[in-house]
2 protein chains.
Amino acid sequence: MKLYTYWRSTSSYRVRIGLALKNIEVEHCHVHLVRNGGEQKADSYRAINPQGRVPALALDDGTVLTQSPAILEYLEEAYPDPNLLPSDPVKRAKLRSVAAIIGCDIHPLHNVGPPNHLRKEFGRSEADVGSWISTWLGQGFAAIETMIGDDGFCFGAEPSLADVYLVPQLYAARRFDVPLAGYPRIVRVERIAAEHPAFRKAHPSRQPDAE
Amino acid sequence: MKLYTYWRSTSSYRVRIGLALKNIEVEHCHVHLVRNGGEQKADSYRAINPQGRVPALALDDGTVLTQSPAILEYLEEAYPDPNLLPSDPVKRAKLRSVAAIIGCDIHPLHNVGPPNHLRKEFGRSEADVGSWISTWLGQGFAAIETMIGDDGFCFGAEPSLADVYLVPQLYAARRFDVPLAGYPRIVRVERIAAEHPAFRKAHPSRQPDAE
(Lines give C-alpha, C1' and ligand atoms only; values in the text may rest on other atoms or scores of the structure.)
Protein backbone atom coordinates (compact mmCIF):
# COMPACT_ATOMS: atom_id res chain seq x y z
CA MET A 1 0.00 0.00 0.00
CA LYS A 2 1.05 3.63 -0.48
CA LEU A 3 0.40 6.36 2.07
CA TYR A 4 0.28 9.94 0.78
CA THR A 5 1.54 11.88 3.76
CA TYR A 6 3.07 15.12 4.99
CA TRP A 7 5.29 15.04 8.07
CA ARG A 8 3.50 17.77 10.03
CA SER A 9 -0.08 16.94 9.00
CA THR A 10 -1.78 15.66 12.14
CA SER A 11 -4.28 13.59 10.18
CA SER A 12 -1.38 11.90 8.30
CA TYR A 13 0.29 11.40 11.67
CA ARG A 14 -2.84 9.61 12.94
CA VAL A 15 -2.73 7.15 10.07
CA ARG A 16 1.02 6.62 10.50
CA ILE A 17 0.38 5.69 14.15
CA GLY A 18 -2.44 3.32 13.21
CA LEU A 19 -0.24 1.58 10.64
CA ALA A 20 2.68 1.34 13.06
CA LEU A 21 0.53 -0.06 15.89
CA LYS A 22 -0.74 -2.73 13.51
CA ASN A 23 2.76 -3.44 12.15
CA ILE A 24 1.72 -2.66 8.59
CA GLU A 25 4.54 -1.50 6.32
CA VAL A 26 3.56 0.88 3.51
CA GLU A 27 5.40 2.97 0.95
CA HIS A 28 5.37 6.67 1.85
CA CYS A 29 4.65 9.24 -0.88
CA HIS A 30 5.42 12.73 0.36
CA VAL A 31 3.06 15.56 -0.55
CA HIS A 32 4.45 18.95 0.50
CA LEU A 33 1.56 21.10 1.77
CA VAL A 34 3.47 24.39 1.46
CA ARG A 35 6.00 24.09 -1.39
CA ASN A 36 4.88 25.23 -4.86
CA GLY A 37 1.71 26.71 -3.37
CA GLY A 38 0.80 23.29 -1.94
CA GLU A 39 1.52 20.10 -3.85
CA GLN A 40 -1.82 18.71 -2.64
CA LYS A 41 -3.58 21.15 -4.98
CA ALA A 42 -1.70 19.95 -8.10
CA ASP A 43 -3.68 18.16 -10.80
CA SER A 44 -1.39 15.15 -10.42
CA TYR A 45 -2.39 14.78 -6.78
CA ARG A 46 -6.06 15.61 -7.35
CA ALA A 47 -6.10 12.65 -9.74
CA ILE A 48 -5.36 10.55 -6.63
CA ASN A 49 -7.53 12.46 -4.15
CA PRO A 50 -10.01 14.91 -5.74
CA GLN A 51 -10.35 16.70 -2.41
CA GLY A 52 -6.66 17.67 -2.58
CA ARG A 53 -5.84 16.71 1.00
CA VAL A 54 -3.60 14.28 2.82
CA PRO A 55 -3.62 11.57 3.97
CA ALA A 56 -4.72 9.15 1.25
CA LEU A 57 -4.08 5.42 1.31
CA ALA A 58 -3.73 3.62 -2.04
CA LEU A 59 -4.48 -0.07 -1.69
CA ASP A 60 -2.59 -2.69 -3.69
CA ASP A 61 -5.34 -2.81 -6.34
CA GLY A 62 -5.10 0.97 -6.81
CA THR A 63 -8.25 1.85 -4.85
CA VAL A 64 -7.62 5.09 -2.98
CA LEU A 65 -9.10 5.66 0.48
CA THR A 66 -9.27 9.21 1.82
CA GLN A 67 -10.11 10.92 5.13
CA SER A 68 -8.20 9.69 8.17
CA PRO A 69 -11.32 8.61 10.15
CA ALA A 70 -12.39 6.38 7.25
CA ILE A 71 -8.86 5.05 6.71
CA LEU A 72 -8.42 4.22 10.40
CA GLU A 73 -11.75 2.37 10.57
CA TYR A 74 -10.74 0.48 7.42
CA LEU A 75 -7.43 -0.55 8.98
CA GLU A 76 -9.28 -1.70 12.10
CA GLU A 77 -11.62 -3.85 10.02
CA ALA A 78 -9.10 -5.21 7.52
CA TYR A 79 -6.21 -5.67 9.98
CA PRO A 80 -7.93 -6.40 13.31
CA ASP A 81 -4.83 -7.62 15.16
CA PRO A 82 -4.00 -5.79 17.35
CA ASN A 83 -7.38 -4.17 17.91
CA LEU A 84 -7.52 -0.43 18.45
CA LEU A 85 -11.18 -0.63 19.49
CA PRO A 86 -12.61 -2.90 22.22
CA SER A 87 -15.39 -5.36 21.33
CA ASP A 88 -18.17 -3.87 23.47
CA PRO A 89 -20.28 -1.36 21.45
CA VAL A 90 -20.69 1.06 24.38
CA LYS A 91 -16.95 1.10 25.09
CA ARG A 92 -16.28 1.58 21.37
CA ALA A 93 -18.62 4.57 21.38
CA LYS A 94 -16.89 6.13 24.41
CA LEU A 95 -13.57 5.80 22.66
CA ARG A 96 -14.83 7.07 19.31
CA SER A 97 -16.33 10.06 21.12
CA VAL A 98 -12.83 11.17 22.17
CA ALA A 99 -11.65 10.64 18.59
CA ALA A 100 -14.57 12.67 17.26
CA ILE A 101 -13.93 15.63 19.58
CA ILE A 102 -10.44 15.82 18.09
CA GLY A 103 -11.40 14.97 14.52
CA CYS A 104 -14.51 17.18 14.37
CA ASP A 105 -14.24 19.88 17.05
CA ILE A 106 -10.53 20.70 17.34
CA HIS A 107 -8.45 19.77 14.31
CA PRO A 108 -10.70 21.26 11.57
CA LEU A 109 -10.37 24.70 13.14
CA HIS A 110 -6.56 24.78 13.05
CA ASN A 111 -6.10 22.78 9.86
CA VAL A 112 -4.32 24.65 7.01
CA GLY A 113 -7.37 26.36 5.43
CA PRO A 114 -9.20 28.19 8.23
CA PRO A 115 -6.16 29.96 9.78
CA ASN A 116 -5.07 31.02 6.28
CA HIS A 117 -8.56 32.37 5.62
CA LEU A 118 -8.35 34.38 8.87
CA ARG A 119 -4.98 35.80 7.80
CA LYS A 120 -5.57 36.46 4.12
CA GLU A 121 -9.29 37.20 3.83
CA PHE A 122 -9.93 38.73 7.25
CA GLY A 123 -6.48 40.29 7.85
CA ARG A 124 -6.07 38.83 11.33
CA SER A 125 -2.74 38.86 13.15
CA GLU A 126 -0.81 35.78 14.26
CA ALA A 127 -1.92 36.59 17.84
CA ASP A 128 -5.57 36.43 16.71
CA VAL A 129 -4.97 33.15 14.91
CA GLY A 130 -3.29 31.82 18.04
CA SER A 131 -6.23 32.78 20.26
CA TRP A 132 -8.60 31.18 17.72
CA ILE A 133 -6.66 27.90 17.84
CA SER A 134 -6.36 28.00 21.66
CA THR A 135 -10.11 28.53 22.03
CA TRP A 136 -11.09 25.33 20.21
CA LEU A 137 -8.21 23.28 21.50
CA GLY A 138 -8.94 24.33 25.08
CA GLN A 139 -12.66 23.54 24.84
CA GLY A 140 -11.99 20.12 23.34
CA PHE A 141 -9.19 19.17 25.73
CA ALA A 142 -11.31 20.25 28.73
CA ALA A 143 -13.98 17.74 27.67
CA ILE A 144 -11.48 14.96 26.88
CA GLU A 145 -9.78 15.42 30.27
CA THR A 146 -13.09 14.35 31.91
CA MET A 147 -13.53 11.36 29.59
CA ILE A 148 -10.23 9.46 29.81
CA GLY A 149 -8.77 7.30 32.56
CA ASP A 150 -6.36 7.93 35.41
CA ASP A 151 -3.44 5.86 34.21
CA GLY A 152 -1.85 4.40 31.10
CA PHE A 153 -3.05 5.49 27.68
CA CYS A 154 -6.49 7.13 27.28
CA PHE A 155 -8.34 3.93 28.14
CA GLY A 156 -5.83 1.70 29.86
CA ALA A 157 -2.53 -0.06 29.40
CA GLU A 158 -2.79 -0.57 25.64
CA PRO A 159 -3.05 2.21 23.05
CA SER A 160 -6.40 2.60 21.30
CA LEU A 161 -8.00 4.68 18.58
CA ALA A 162 -8.41 7.51 21.12
CA ASP A 163 -4.62 7.72 21.51
CA VAL A 164 -4.17 7.59 17.75
CA TYR A 165 -6.08 10.90 17.63
CA LEU A 166 -4.90 12.46 20.88
CA VAL A 167 -1.13 12.19 20.42
CA PRO A 168 -1.03 14.11 17.09
CA GLN A 169 -3.38 16.68 18.60
CA LEU A 170 -0.90 17.13 21.45
CA TYR A 171 1.86 17.64 18.89
CA ALA A 172 -0.23 20.42 17.32
CA ALA A 173 -0.94 21.92 20.76
CA ARG A 174 2.82 22.14 21.45
CA ARG A 175 3.44 23.60 18.01
CA PHE A 176 0.84 26.32 18.62
CA ASP A 177 2.04 26.97 22.21
CA VAL A 178 -1.30 26.10 23.79
CA PRO A 179 -0.98 25.86 27.62
CA LEU A 180 -1.53 22.28 28.78
CA ALA A 181 -1.14 22.62 32.56
CA GLY A 182 -4.88 22.10 33.09
CA TYR A 183 -4.90 18.66 31.48
CA PRO A 184 -2.79 16.29 33.58
CA ARG A 185 -4.42 13.11 32.19
CA ILE A 186 -3.89 14.25 28.60
CA VAL A 187 -0.26 15.19 29.28
CA ARG A 188 0.26 11.77 30.91
CA VAL A 189 -0.82 10.10 27.66
CA GLU A 190 1.66 12.27 25.76
CA ARG A 191 4.45 11.16 28.10
CA ILE A 192 3.64 7.46 27.83
CA ALA A 193 3.24 7.57 24.05
CA ALA A 194 6.66 9.24 23.72
CA GLU A 195 8.21 5.96 24.94
CA HIS A 196 6.17 3.64 22.70
CA PRO A 197 7.90 2.40 19.52
CA ALA A 198 4.89 2.79 17.20
CA PHE A 199 4.23 6.36 18.33
CA ARG A 200 7.95 7.14 18.01
CA LYS A 201 8.11 5.71 14.49
CA ALA A 202 5.12 7.80 13.39
CA HIS A 203 6.34 11.09 14.93
CA PRO A 204 6.68 14.01 12.49
CA SER A 205 10.35 14.56 13.40
CA ARG A 206 11.22 11.02 12.25
CA GLN A 207 9.69 11.31 8.79
CA PRO A 208 12.02 11.55 5.76
CA ASP A 209 10.27 14.76 4.66
CA ALA A 210 10.68 16.48 8.07
CA GLU A 211 12.29 19.92 7.89
CA MET B 1 -33.29 5.74 25.35
CA LYS B 2 -33.30 9.54 25.52
CA LEU B 3 -31.95 11.78 22.78
CA TYR B 4 -30.81 15.26 23.78
CA THR B 5 -31.52 17.23 20.64
CA TYR B 6 -32.12 20.67 19.14
CA TRP B 7 -34.31 20.96 16.06
CA ARG B 8 -31.85 22.92 13.89
CA SER B 9 -28.62 21.22 15.03
CA THR B 10 -27.40 19.27 12.01
CA SER B 11 -25.53 16.75 14.17
CA SER B 12 -28.76 16.09 16.15
CA TYR B 13 -30.55 15.80 12.78
CA ARG B 14 -28.04 13.11 11.71
CA VAL B 15 -28.80 11.01 14.78
CA ARG B 16 -32.56 11.51 14.33
CA ILE B 17 -32.25 10.16 10.78
CA GLY B 18 -30.16 7.18 11.94
CA LEU B 19 -32.74 6.33 14.61
CA ALA B 20 -35.65 6.72 12.18
CA LEU B 21 -33.99 4.56 9.50
CA LYS B 22 -33.48 1.84 12.12
CA ASN B 23 -37.04 2.23 13.47
CA ILE B 24 -35.77 3.00 16.99
CA GLU B 25 -38.13 5.05 19.13
CA VAL B 26 -36.50 7.29 21.75
CA GLU B 27 -37.68 10.00 24.09
CA HIS B 28 -36.62 13.47 22.91
CA CYS B 29 -35.19 15.94 25.43
CA HIS B 30 -34.99 19.41 23.91
CA VAL B 31 -31.91 21.53 24.61
CA HIS B 32 -32.32 25.08 23.28
CA LEU B 33 -28.98 26.23 21.87
CA VAL B 34 -29.90 29.96 21.88
CA ARG B 35 -32.38 30.59 24.73
CA ASN B 36 -30.94 31.65 28.12
CA GLY B 37 -27.50 32.06 26.53
CA GLY B 38 -27.59 28.44 25.39
CA GLU B 39 -29.14 25.73 27.56
CA GLN B 40 -26.33 23.37 26.50
CA LYS B 41 -23.95 25.42 28.67
CA ALA B 42 -26.04 25.04 31.85
CA ASP B 43 -24.60 22.96 34.70
CA SER B 44 -27.66 20.69 34.53
CA TYR B 45 -26.83 19.77 30.94
CA ARG B 46 -23.07 19.60 31.50
CA ALA B 47 -23.83 16.95 34.12
CA ILE B 48 -25.15 14.90 31.18
CA ASN B 49 -22.57 15.92 28.57
CA PRO B 50 -19.49 17.71 29.98
CA GLN B 51 -18.71 19.05 26.51
CA GLY B 52 -21.98 21.02 26.57
CA ARG B 53 -23.07 20.05 23.08
CA VAL B 54 -25.92 18.20 21.44
CA PRO B 55 -26.67 15.49 20.51
CA ALA B 56 -26.24 13.09 23.41
CA LEU B 57 -27.89 9.69 23.65
CA ALA B 58 -28.68 8.34 27.13
CA LEU B 59 -28.99 4.56 27.09
CA ASP B 60 -31.52 2.74 29.27
CA ASP B 61 -28.88 2.08 31.95
CA GLY B 62 -28.05 5.80 32.12
CA THR B 63 -24.80 5.62 30.14
CA VAL B 64 -24.52 8.74 27.99
CA LEU B 65 -22.99 8.61 24.52
CA THR B 66 -21.86 11.85 22.90
CA GLN B 67 -20.60 12.98 19.47
CA SER B 68 -22.82 12.09 16.52
CA PRO B 69 -20.14 10.04 14.67
CA ALA B 70 -19.70 7.83 17.76
CA ILE B 71 -23.46 7.58 18.36
CA LEU B 72 -24.16 6.60 14.75
CA GLU B 73 -21.45 3.91 14.75
CA TYR B 74 -22.93 2.63 18.03
CA LEU B 75 -26.41 2.43 16.52
CA GLU B 76 -24.99 0.58 13.53
CA GLU B 77 -23.30 -1.97 15.81
CA ALA B 78 -26.08 -2.38 18.39
CA TYR B 79 -29.00 -2.21 15.93
CA PRO B 80 -27.60 -3.65 12.69
CA ASP B 81 -30.93 -4.10 10.90
CA PRO B 82 -31.25 -2.30 8.57
CA ASN B 83 -27.56 -1.73 7.92
CA LEU B 84 -26.39 1.77 7.08
CA LEU B 85 -22.94 0.49 6.10
CA PRO B 86 -22.22 -2.30 3.58
CA SER B 87 -20.23 -5.35 4.70
CA ASP B 88 -17.16 -4.86 2.47
CA PRO B 89 -14.43 -2.88 4.32
CA VAL B 90 -13.40 -0.91 1.21
CA LYS B 91 -16.99 0.10 0.46
CA ARG B 92 -17.45 1.03 4.11
CA ALA B 93 -14.37 3.25 3.88
CA LYS B 94 -15.64 4.98 0.71
CA LEU B 95 -18.90 5.72 2.44
CA ARG B 96 -17.30 6.86 5.69
CA SER B 97 -15.05 9.16 3.68
CA VAL B 98 -18.11 11.11 2.51
CA ALA B 99 -19.37 11.20 6.10
CA ALA B 100 -15.97 12.46 7.30
CA ILE B 101 -15.80 15.28 4.74
CA ILE B 102 -19.08 16.55 6.16
CA GLY B 103 -18.35 15.75 9.80
CA CYS B 104 -14.75 17.04 9.81
CA ASP B 105 -14.29 19.48 6.91
CA ILE B 106 -17.64 21.27 6.52
CA HIS B 107 -19.86 21.19 9.60
CA PRO B 108 -17.24 22.22 12.24
CA LEU B 109 -16.62 25.48 10.38
CA HIS B 110 -20.27 26.62 10.41
CA ASN B 111 -21.24 25.08 13.75
CA VAL B 112 -22.39 27.60 16.43
CA GLY B 113 -18.98 28.51 17.90
CA PRO B 114 -16.73 29.54 14.98
CA PRO B 115 -19.18 31.95 13.27
CA ASN B 116 -19.90 33.54 16.65
CA HIS B 117 -16.15 33.93 17.23
CA LEU B 118 -15.83 35.64 13.83
CA ARG B 119 -18.68 38.03 14.74
CA LYS B 120 -17.89 38.79 18.37
CA GLU B 121 -14.09 38.49 18.64
CA PHE B 122 -13.09 39.50 15.11
CA GLY B 123 -15.99 41.89 14.34
CA ARG B 124 -16.82 40.34 10.98
CA SER B 125 -20.04 41.15 9.15
CA GLU B 126 -22.76 38.64 8.27
CA ALA B 127 -21.50 38.83 4.66
CA ASP B 128 -18.03 37.75 5.83
CA VAL B 129 -19.50 34.91 7.86
CA GLY B 130 -21.53 33.86 4.83
CA SER B 131 -18.46 33.79 2.59
CA TRP B 132 -16.59 31.81 5.27
CA ILE B 133 -19.36 29.18 5.38
CA SER B 134 -19.68 29.05 1.58
CA THR B 135 -15.94 28.49 1.20
CA TRP B 136 -15.85 25.30 3.28
CA LEU B 137 -19.21 24.04 2.14
CA GLY B 138 -18.26 24.56 -1.50
CA GLN B 139 -14.89 22.78 -1.16
CA GLY B 140 -16.47 19.82 0.60
CA PHE B 141 -19.45 19.49 -1.72
CA ALA B 142 -17.16 19.70 -4.78
CA ALA B 143 -15.28 16.63 -3.50
CA ILE B 144 -18.42 14.72 -2.52
CA GLU B 145 -19.97 15.37 -5.95
CA THR B 146 -17.11 13.31 -7.46
CA MET B 147 -17.50 10.50 -4.90
CA ILE B 148 -21.19 9.58 -4.99
CA GLY B 149 -23.23 7.69 -7.58
CA ASP B 150 -25.41 8.74 -10.49
CA ASP B 151 -28.76 7.67 -9.16
CA GLY B 152 -30.65 6.97 -5.95
CA PHE B 153 -29.16 7.94 -2.65
CA CYS B 154 -25.39 8.59 -2.34
CA PHE B 155 -24.50 4.94 -2.91
CA GLY B 156 -27.56 3.36 -4.48
CA ALA B 157 -31.22 2.63 -3.92
CA GLU B 158 -31.06 2.37 -0.13
CA PRO B 159 -30.01 5.16 2.23
CA SER B 160 -26.66 4.74 3.99
CA LEU B 161 -24.51 6.51 6.55
CA ALA B 162 -23.37 8.91 3.79
CA ASP B 163 -26.96 10.13 3.33
CA VAL B 164 -27.38 10.44 7.11
CA TYR B 165 -24.63 13.09 6.99
CA LEU B 166 -25.37 14.64 3.59
CA VAL B 167 -29.06 15.46 4.04
CA PRO B 168 -28.58 17.58 7.20
CA GLN B 169 -25.63 19.29 5.51
CA LEU B 170 -27.93 20.18 2.61
CA TYR B 171 -30.41 21.63 5.10
CA ALA B 172 -27.61 23.84 6.47
CA ALA B 173 -26.55 24.80 2.92
CA ARG B 174 -30.11 26.00 2.18
CA ARG B 175 -30.26 27.84 5.48
CA PHE B 176 -27.02 29.68 4.67
CA ASP B 177 -28.03 30.34 1.03
CA VAL B 178 -25.09 28.46 -0.45
CA PRO B 179 -25.51 28.03 -4.23
CA LEU B 180 -25.99 24.34 -5.11
CA ALA B 181 -26.31 24.47 -8.90
CA GLY B 182 -22.87 22.90 -9.36
CA TYR B 183 -23.77 19.74 -7.46
CA PRO B 184 -26.49 17.87 -9.39
CA ARG B 185 -25.79 14.51 -7.73
CA ILE B 186 -25.94 16.01 -4.25
CA VAL B 187 -29.17 17.86 -5.05
CA ARG B 188 -30.64 14.60 -6.40
CA VAL B 189 -30.02 12.96 -3.01
CA GLU B 190 -31.78 15.88 -1.32
CA ARG B 191 -34.81 15.41 -3.61
CA ILE B 192 -35.04 11.66 -3.03
CA ALA B 193 -34.59 11.95 0.74
CA ALA B 194 -37.40 14.52 0.89
CA GLU B 195 -39.82 11.73 -0.08
CA HIS B 196 -38.47 9.12 2.37
CA PRO B 197 -40.45 8.65 5.61
CA ALA B 198 -37.41 8.39 7.94
CA PHE B 199 -35.79 11.54 6.53
CA ARG B 200 -39.16 13.33 6.73
CA LYS B 201 -39.67 12.29 10.34
CA ALA B 202 -36.19 13.56 11.32
CA HIS B 203 -36.49 16.92 9.51
CA PRO B 204 -35.98 20.01 11.71
CA SER B 205 -39.35 21.48 10.71
CA ARG B 206 -41.17 18.42 12.12
CA GLN B 207 -39.59 18.55 15.58
CA PRO B 208 -41.71 19.66 18.56
CA ASP B 209 -39.12 22.34 19.40
CA ALA B 210 -39.08 23.83 15.87
CA GLU B 211 -39.67 27.57 15.75
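Keep in mind it's a predicted model, so treat the numbers as computed, not measured.

UniProt marks residues 88-211 of chain A with the feature "domain: GST C-terminal" (unreviewed entry), using the numbering shown here. Structurally, residues 88-211 of chain A comprises 67% helix and 0% strand, and the distance from its first C-alpha atom to its last is 42 Å.

To continue, consider the pattern of salt bridges. Counted according to the given criterion, the structure contains 24 salt bridges over all chains. The shortest N-O distance in the salt bridge between D105(B) and R53(A) comes to 2.9 Å. Here the residue D105(B) occupies a position in helix α4 (residues 89-110), and R53(A) occupies one in the loop between α2 (43-46) and β3 (56-58), the pair thus bridging two chains. The exposure class of D105(B) is buried, given its relative accessible area of 10%. For D150(B), the salt bridge is made with R185(B), and the minimal N-O distance between the two is 2.9 Å. With a gap of 35 residues between them, D150(B) in the loop between α6 (126-147) and α7 (161-175) and R185(B) in helix α8 (residues 184-193) connect regions that are remote in the sequence. Residue R185(B) is classed as partly exposed on the basis of its relative accessible area, which comes to 24%. If you follow the salt bridges from partner to partner, you end up with E73(A), E77(A), R92(A), R96(A), E73(B), E77(B), R92(B) and R96(B) in one network.

Residue and element names in this part refer to chain A. Running from amino to carboxyl end, helix α4 (residues 89-110) crosses helix α7 (residues 161-175) at an angle of 30 degrees, the nearest separation of the two axes being 8 Å. Judged by the inter-axis angle, α4 sits roughly parallel to α7. α4 and α7 meet at a crossing whose hand is left-handed. Along the contact surface, α4 presents L95, R96, V98, A99, I102, G103, I106, H107 and H110, while α7 presents L161, A162, Y165, L166, Q169 and A172. Residues belonging to the contact of α4 with α7 are distributed by class as follows: ten nonpolar, four polar and one charged.

Take the side chain of D209(A) next. Residues and elements named next belong to chain A. Relative to the assigned elements, D209 resides in the segment after α9 (197-202). R16 provides the closest opposite charge to the buried, unpaired D209, separated from it by 5.9 Å. Among the polar contacts listed, one links the side chain of D209 to the backbone nitrogen of W7, at a separation of 3.0 Å. Once residues lying within four places of it in the same chain are set aside, the contact partners of D209 are T5, Y6, W7 and H30.

With that out of the way, let us pick up the packing of aromatic side chains. All chains considered together, the criterion is met by 15 aromatic pairs over all chains. With 5.7 Å between their ring centres and 85 degrees between their planes, F141(B) and Y183(B) make a pair best called edge-to-face. Of this pair, F141(B) sits in helix α6 while Y183(B) sits in the loop between α7 and α8; the two residues are 42 residues apart in sequence, bridging distant segments of the chain. Judged by its relative accessible area of 0%, F141(B) is buried. Ring geometry for F153(B) against F199(B): centres 5.6 Å apart, planes inclined by 20 degrees, an arrangement best described as stacked. Of this pair, F153(B) sits in the loop between α6 and α7 while F199(B) is found in helix α9 (residues 197-202), placing the two residues 46 residues apart along the sequence. The two residues F153(B) and F199(B) agree in class, both being buried. Aromatic rings pair up to connect F122(A), W132(A), W136(A), F122(B), W132(B) and W136(B) into one cluster.

Calculation criteria
- Residues numbered from 1 in each chain as written.
- Chains lettered and ligands numbered in written order.
- Predicted model: local features only at pLDDT ≥ 70, side-chain atom pairs only at ≥ 80, totals over all residues.
- Heavy atoms only, no water.
- UniProt positions renumbered as here; feature names shortened; annotations may be inferred.
- Helix = DSSP H or I, 4+ residues; strand = E, 2+ residues; numbered from the N terminus.
- Salt bridge = Lys/Arg side-chain N within 4 Å of Asp/Glu carboxyl O.
- Buried < 20%, exposed > 50% of the residue type's maximum accessible area, 1.4 Å probe, protein only.
- Axes fitted to C-alpha atoms, helices over the stretch in contact; angles between N-to-C directions.
- Parallel < 35°, antiparallel > 145°, perpendicular 65-115°, else oblique.
- Left-handed = near helix turned anticlockwise from the far one by under 90°.
- Contact = heavy atoms within 4.5 Å.
- Nonpolar A, V, L, I, M, F, W, Y, C, P; charged D, E, K, R; others polar.
- Lys, Arg positive; Asp, Glu negative; His and termini not counted.
- Polar contact = N/O pair within 3.5 Å; in protein donor to acceptor, adjacent residues only side chain to side chain.
- Phe/Tyr/Trp six-rings, centres within 6.5 Å; stacked < 30°, edge-to-face > 60°.

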